[in-house]
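In case you want the letters, here they are:
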Amino acid sequence: MVEFQELSKNGNFQHKTMEKNEFMSSLKEFNFNVRDMRMILKLAEIRKSRQPSLLLRPSSKCFIFDVENIQLLCSSDKCLIFNPVDKATQNFIRRLHQKFSGASSEEFEKFPEMKILKLLKQDSNQEYYQNFEHVVLETALENVVSKFKRHFNIIRPALEMLLQQTEENPETSGLKKLLAVKNSLTQFDQCLEHLSKILENLCSNDKDMLKLYLSDSANEEKDLEQLLESFQAELDELETENKILADRIEDTEQFISAHMDSLRNEIMKISLFLEIGGFIMAFGAVVGGIFGMNLTNHIENDPNAFTIVCFSLLAAMIGILLCFCKKIFKLNADTSSAQNFTLLKSFFTYVDDL
């Protein structure tokens, strides 16, 4: 079964449900090829498009709009809106109703075509009225862009709060949450980029722009181009703000990584001092164990032997400690590798000027 809403040029909406064969027969007037017919049937089944597209079919005098939750087929006198039960599609249909809110459906049927088109454009500052297909296209783009804005306005405060919490308490759990949000932002950026690319290709190709005029000749081509450019500007602004959030996530990840590295280095330093202390105490224990054996060594009768051995052992342990400290300070002060890196970096930076 194929379920869709049909919008006629006079502003009437009709909810229709057809069998696939009956629906395909109703599209014979467009003279679609087999590939287009399959694609239109697929549009009637999906709920959300992963790859947005705006396909122009000048031979059939229509275009196919498939972006996010809006899938429609629009000609110069009617528009078929698929998946009308979807919530996002219902919002789009509601917007179309508002475009036709200048009069009731019965009054629209009595109006001539010129007056209807003027009513459609009564909320615009343009001097001329807009074609029926352009009203549908503008409303669809408005719906998609407003959905993107809502999505961004919802995710931004939540992300800012998460970034603040992560900076105050940098833990692995915070990184996992940031990774999930970062993946979501990447998908959102791809959606913005795909739609922006579609509009950019249309604006840069005059032939494709002319193909969007299904009712008559392109007398107001600049008006339509300005309309598409305005939506493209809004998408570019969203892309920029989205990239700013992505950069903030990356900065926070680098901060947490640097914090964890610093903490790890401190723990390793403590572990190193404990190992050095253990080595020194082990040296003293070995010497003490040697002198503690019940063997005759000819110095046990010397009254100063104990004092001499203790002070010698203490001096040897202090000497070992000083050797380790000197080696550690020498490693900390060694910046030759950093200097070599700076030299190579400067060389490859200015090598083209040589």
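The structure under discussion appears in the preceding block.
The following paragraphs examine the structure supplied in this document.

The rules behind these values
Per-chain numbering applies: the sequence of each chain, read as written, is numbered from 1 onward. In keeping with the predicted nature of the model, local features appear solely for residues at pLDDT of at least 70, side-chain atom pairs appear and are counted solely at 80 or more, and the whole-chain, interface and lining totals rest on all residues. Excluding hydrogens and water, the side-chain figures rest on all heavy atoms present in the structure. Each helix is a run of H or I in the DSSP string that is no shorter than four residues. Each strand is a run of E no shorter than two, and both are numbered from the N terminus. Each residue is placed in one exposure class: buried if its accessible area under a 1.4 Å probe, protein chains only, is under 20% of its type's maximum, exposed if it is over 50%, and partly exposed if it falls in between. Should any heavy atoms of two residues lie within 4.5 Å, those residues are considered in contact. To measure how exposed things are, a 1.4 Å probe is used in the Shrake-Rupley method; for residues, cover is taken only from the protein chains shown. To define a nonpolar core, start from buried Ala, Val, Leu, Ile, Met, Phe, Trp, Tyr and Cys residues and group those joined through side-chain atoms within 4.5 Å. Following DSSP output, two strands are said to pair if at least two bridges run between them. Interaxial angles span 0 to 180 degrees and are taken between N-to-C directions of axes, which are lines fitted to C-alpha atoms, for helices over the stretch in contact. Stacked, edge-to-face and tilted labels apply to pairs of Phe, Tyr and Trp rings (six-membered ring for Trp) whose centres lie within 6.5 Å, assigned for plane angles under 30 degrees, over 60, and everything in between, in that order.

**A short note on the overall build of the chain**
Move 1: For the chain, the helix and strand inventory stands at 11 helices and 6 strands.
Move 2: Put simply, the chain has 354 residues, and 36% of those count as buried.
Move 3: Counting contacts in the chain only where the partners sit at least 6 residues apart, residues at least 24 apart contribute 64% of the total.
Move 4: Carbon and sulfur atoms make up 55% of the accessible area of the chain, which amounts to about 22000 Å² in all.

**Here's the deal with the nonpolar core**
Move 1: Judged by nonpolar contacts, the single largest core of 51 residues is most densely connected at F63, F65, L72 and L228.
Move 2: If you list the elements that add at least two residues to this core, you get β3 (53–57), β4 (62–67), β5 (70–75), β6 (78–82), α3 (87–99), α6 (132–168), α7 (172–204) and α9 (221–291).
Move 3: For this core, the leading source of residues is α6, giving 13 residues.
Move 4: Discounting chain neighbours no more than four positions away, the residues touching F65 are S53, L54, I70, Q71, L72, L137, A140, L141 and V144.
Move 5: Ranked by size, the runner-up nonpolar core spans 17 residues in total, among them M18, F30, C62 and F82.

**A few points about the sheet that holds β3**
Move 1: Reading across the sheet, the 6 strands line up as β2-β1-β6-β5-β4-β3 and stay open at both edges, with antiparallel pairing between neighbours. Whereas interior strands pair on both sides, the edge strands pair on one side only; in this sheet they are β2 (13–18) and β3. Pairwise comparison of adjacent strand axes, ignoring direction, gives a mean angle of 20° for this sheet.
Move 2: Relative to β4, β3 is paired through 5 bridges, and the arrangement is antiparallel. Along β4, the bridge assignment pairs L54 with F65.
Move 3: Packed onto the sheet, α3 meets β1 (2–8), β2, β5 and β6 and runs at close to 155° relative to β6.

**With respect to the environment of L179**
Move 1: Structurally, the position occupied by L179 is in helix α7.
Move 2: Looking at L179, the relative accessible area reads 46%, which means it is partly exposed.
Move 3: Each C-alpha atom of the pair L179 and E250 lies 9.7 Å from the other, and the pair is 71 residues apart in sequence.

**Digging into the packing of aromatic side chains**
Move 1: Using the criterion set out here, one finds 7 aromatic pairs in the structure.
Move 2: An angle of 55° between the planes, with centres 5.4 Å apart, marks the rings of F4 and F23 as tilted. Of the two residues, F4 sits in strand β1 while F23 sits in helix α1 (residues 20–26), which places them 19 residues apart along the sequence. As far as the burial class goes, F4 and F23 line up, both buried.
Move 3: Seen from their ring centres, F30 and F32 are 5.3 Å apart, and the 20° between their planes marks the pair as stacked.
Move 4: Following the ring pairs from residue to residue traces out a cluster consisting of F4, F23 and F82.

**Focus on the environment of F92**
Move 1: With respect to the secondary-structure elements, F92 resides in helix α3.
Move 2: For F92, a relative accessible area of 0% gives the class buried.
Move 3: Distance in space between the C-alpha atoms of F92 and L141 is 9.6 Å, their sequence separation being 49 residues.
Move 4: Among all residues touching F92, those that are not within four sequence positions of it are I70, L72, I81, V136, T139, A140 and N143.

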